[in-house]
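Listed below, chain by chain, are the residues.
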Amino acid sequence: MPHSSRHKPSSKPKLKSSPTPAPYLVIDTTLPSNIFSERLLFVTYSPQNKIYHTAFGNEIVIEGTGEVHIHIFASGQPILL
């Protein structure tokens with residue numbers, strides 16, 4: 001079989017990567033803030049590099065802060081958190 005130098009089109013179209021939503025989120029609405037690890041969820045974002053001490057004595061690095069808008073439905077009504 002002769003070797004062709006022509007590029008064969010891929011059978012799968014290349015798609016832009018998009019954020020994959022987490023299967024679930026746990027949000028404590030009694031807290032003034034929550035932690036999100038997925039950067040693509042942020043609507044606004046300011047890079048930072050802070051160390052935070054958890055209630056259990058662990059240290060975690062906060063790489064940035066910003067707003068994440070979460071849309072939920074309750075009793076058929078949309079709610080933006």
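Let us look at the structure shown here. (Residues numbered from 1 in each chain as written. Predicted model: local features only at pLDDT ≥ 70, side-chain atom pairs only at ≥ 80, totals over all residues. Heavy atoms only, no water.)

## Notes on the overall build of the protein
For clarity, the cut-off: The secondary structure listing takes helices from DSSP runs of H or I that are at least 4 residues long and strands from runs of E that are at least 2 residues long, numbered from the N terminus. Here's how the labels work: a residue is buried when its accessible area is under 20% of the maximum for its type, exposed when over 50%, partly exposed in between, all with a 1.4 Å probe on protein chains only. Whether two residues are in contact is decided by their heavy atoms, any of which lying within 4.5 Å being enough.
Of regular secondary structure, the protein possesses 0 helices and 4 strands. Reading the protein from its N terminus to its C terminus gives the helix and strand order β-β-β-β. Here the protein holds 81 residues, and the buried ones make up 5% of them. In the protein, the proportion of contacts linking residues at least 24 apart, taken out of those at least 6 apart, comes to 21%.

## Notes on the packing of aromatic side chains
This is how the line gets drawn: Two rings from Phe, Tyr or Trp (for Trp, the six-membered ring) form a pair when their centres are within 6.5 Å of each other. A pair whose planes differ by under 30 degrees is stacked, one over 60 is edge-to-face, and the rest are tilted. When the NZ atom of lysine or the CZ atom of arginine is within 6 Å of a ring's centre and also within 35 degrees of its normal, the charge is said to sit over that ring.
As enumerated under the stated definition, the model contains 1 aromatic pair in all. Here the aromatic rings of Phe42 and Tyr45 are separated by 5.5 Å at their centres, their planes lie at 75°, and the arrangement is edge-to-face. Under the relative-accessibility criterion, Phe42 is labelled buried at 15%. Looking at Arg39, its charged tip hangs above the ring of Tyr45, at a distance of 3.7 Å from the centre.

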